[in-house]
Amino acid sequence: MSGRGLGARRRIVVKVGSALLVDRESGLKRDWLAALCDDLKALTGKGKEVLVVSSGAIALGRGVLRLPRGPLKLEEAQAAASVGQVALAGAWASALSERGLTAAQILLTLGDTEERRRYLNARATLATLLKLAAVPVINENDTVATNEIRYGDNDRLAARVAAMVGADCLVLLSDIDGLYSAPPQEDPAARFIPHVPAITAEIEAMAGAAGSELSRGGMKTKIEAGKIATAAGAAMVIASGRVMHPLAAIDAGARATWFDPLATPASARKAWIAGHIEPRGTIVVDRGAAAALQSGKSLLPAGVTRVSGSFARGDAVIIVNSDGAELGRGLVAFDVAEAHKIAGRRSSEIEAILGYRGRSAMIHRDDMVLREG
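Residues numbered from 1 in each chain as written. Predicted model: local features only at pLDDT ≥ 70, side-chain atom pairs only at ≥ 80, totals over all residues. Heavy atoms only, no water.

Engineer: Account for the overall build of the chain, with residues named and values stated.
Structural biologist: Across its full length, the chain holds 14 helices and 17 strands. Taken over the C-alpha trace, the chain has a radius of gyration of 22 Å; the compact-globule value for 373 residues is 21 Å, and the two agree within 12%. Expressed as lengths along the three principal axes of its C-alpha atoms, the size of the chain is roughly 70 × 45 × 40 Å. Going through the 373 residues of the chain one by one, you find that 51% of them count as buried. Pairs at least 24 residues apart make up 72% of the contacts formed inside the chain by residues separated by at least 6 positions. (Helix = DSSP H or I, 4+ residues; strand = E, 2+ residues; numbered from the N terminus. Rg over C-alpha atoms; globule rule 2.2 N^0.38 Å. Buried < 20%, exposed > 50% of the residue type's maximum accessible area, 1.4 Å probe, protein only. Contact = heavy atoms within 4.5 Å.)

Engineer: Would you mind going over the packing of helix α7 (residues 154-165) against helix α9 (residues 219-231) in detail, with residue names and values included?
Structural biologist: At a closest axis distance of 8 Å, the pairing of α7 and α9 adopts a crossing angle of 10 degrees. Comparing the axis directions of α7 and α9 gives the class roughly parallel. In contact with Asp155, Arg156, Ala159 and Arg160 of α7, α9 contributes Thr221, Lys222, Glu224, Ala225, Ile228 and Ala229. Tallied by class, the residues present in the contact of α7 with α9 amount to four nonpolar, one polar and five charged. (Axes fitted to C-alpha atoms, helices over the stretch in contact; angles between N-to-C directions. Parallel < 35°, antiparallel > 145°, perpendicular 65-115°, else oblique. Nonpolar A, V, L, I, M, F, W, Y, C, P; charged D, E, K, R; others polar.)

Engineer: Which residues make up the layout of surface pockets, and what values go with them?
Structural biologist: There is about 890 Å³ of room inside the largest pocket. Lining the largest pocket are 29 residues, and of these Arg123, Ala127, His364, Asp366 and Asp367 sit closest to its centre. Within the residue set of the lining of the largest pocket, elements represented by two or more residues are α6 (116-131), α7 and α11 (265-275). In terms of residues, the lining of the largest pocket owes the most to one element, α6, which gives seven residues. Tallied by class, the residues present in the lining of the largest pocket amount to 13 nonpolar, four polar and 12 charged. (1 Å grid on protein atoms, 1.4 Å probe; cavity = no way out; pocket = protein on both sides within 12 Å on 5 of 7 lines; lining within 4 Å. Points joined across faces, edges and corners; volume = space filled by probe spheres on them.)

Engineer: Quick one: what's the story with the pairing of strand β13 (residues 281-285), residue by residue and with numbers?
Structural biologist: Both faces of the sheet carry side chains from a regular strand, because those side chains alternate between them. Burial of β13 is extensive: four of the five residues sit out of reach of the surface. The pairing of β13 with strand β14 (residues 304-309) spans five bridges and is antiparallel. Along β14, the bridge assignment pairs threonine 282 with serine 308. Where β13 and strand β15 (residues 316-320) come together, three bridges link them in parallel fashion. (Pairing = 2+ DSSP bridges.)

Engineer: Please give an account of the pattern of salt bridges that cites residues and values.
Structural biologist: Counted by the stated rule, this structure contains 13 salt bridges. The partner of arginine 156 in a salt bridge is glutamate 224, and the shortest N-O contact between them spans 2.4 Å. Of this pair, arginine 156 sits in helix α7 while glutamate 224 sits in helix α9, and the two are 68 residues apart along the sequence. Through salt bridges with shared partners, a single network forms among Lys15, Asp155 and Lys222. (Salt bridge = Lys/Arg side-chain N within 4 Å of Asp/Glu carboxyl O.)

Engineer: I'd like to hear about the environment of alanine 256, residue by residue, with values.
Structural biologist: Looking at where alanine 256 falls in the secondary structure, it is placed in strand β12 (residues 256-259). Along the backbone, alanine 256 and leucine 65 are 191 residues apart, and their C-alpha atoms lie at a distance of 36 Å. If sequence neighbours within four positions are ignored, alanine 256 has contacts with Asp177, Phe192, Pro194, Val237, Ile238 and Ala239.

Engineer: With reference to specific residues and values, describe the nonpolar core.
Structural biologist: Of all hydrophobic cores here, the largest spans 47 residues; its most connected members are Val13, Leu51, Ile138, Val161, Leu170 and Leu179. Ranked by residues supplied to this core, first place goes to α7 with seven residues. Ignoring anything within four residues of it in the chain, the contact list for valine 13 reads Leu51, Val53, Ala158, Val161, Ala162, Val165, Ala167, Cys169, Leu170 and Val171. Ranked by size, the runner-up nonpolar core spans 37 residues in total, among them Ile12, Ala91, Trp92 and Ala256. (Core = buried A, V, L, I, M, F, W, Y, C linked by side-chain atoms within 4.5 Å.)

Now the structure itself:
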C-alpha cells in the first residue's frame, strides 16, 4: 500500500464533523479549532495544499436560535444553517488568519459536483484558491438544499471534493478512531481494522449508523465516501478528532484506518474522461496544436481549425487532427457556438469576441486524455 501518514501527500482534504467542532451546551470548541489550524499551518509550511470540509453550520445556528434538541424540520434546519454559516465562516477565518493563512468560504450543493458545467466552475475556483495559497473551507449549502437535492452528509461531500480537485488524501476526522468489525459501542469484542486494501462487501457490512443528533453521518457514509475517494485516486484515513492536534496525531502513528487508493488521482480522472463520458462533438486541430498536445500542453483556440457537434461547456469532445485521426478526448471549456467564434483566434482575443474573458484554453490539459501511439 502507499505509505501511511500525511508527509508524502501533496493535496489533502480534511473533513471535520459537527460533534468535533460544536459542543451542544457551550457552542464552538475554539481551543480544538485552534489546535487543528496549527496542524493545517504545519502542513502548508511543508508545501502541502489543504482544503477543509467543515460541518457545524446547523449545529451552531440551532444554538444561536435556541432551537430544541432532536430532529429539525427542513425550514428550521435551513434557518439554522443561514445563521450558523456566518459564525462558522468567521471562526475559520479568524483561526486561520492568526496563523498567517487566508480562508475562503465555498458553499456547494449536489448539482455543483454532479453537473459538469457547474463542476468545472467549482473546480476552477478551488484550483485558483490553492494556487493563491488560500485554504478553502467548504460546506454544503444547507440554506437552499432540500432532502431531495443534497448530499445528506459531509463525508460524501468531502469525497466528491477530493475527486474534484485531484487530492491524493482524504482525512475524515470522526468521533471514532477508525473502522471496526462491528460498532464498538455495541459490541465489546469488535475488532479494529487498521488497513483496508479495497472496499469489499464484507467491509461495507461493518458500517454502523449515525453517531449523534449533531451529525448526519456514520460509518456507513464514511465507507461510501471511501468508495468515491479511492476510485478517484485518493487514499482515505478515518481517524479520531477527539484529540488536540488530530492531524499531527495521525502522523505520529495514532490509531486510524487507512484505505488504499485504486489509482493515482491523475490516472483515475483520465480513465473517467476516456471511457465514462459520451462525446458530444468533435474539435479539429492543426499540426502545430497536435504537436503541442503531445508535448503535454493545453489546447488553445488558436490551434483549432473546425468545430462540430452539439456540446455545452463541460461536455466531452473528441480531438482529431487534420486527417481525421483521433488524438484524444477532453472536457471543453466553451459552448459550441462560442467555440465556433473563437476557433483559430488567440486567447487574448476571447474577451473581445465573446464579451467575457473565459478560459484561455479550449481544453485544459488536466481535462484531456490523449490516445497512445
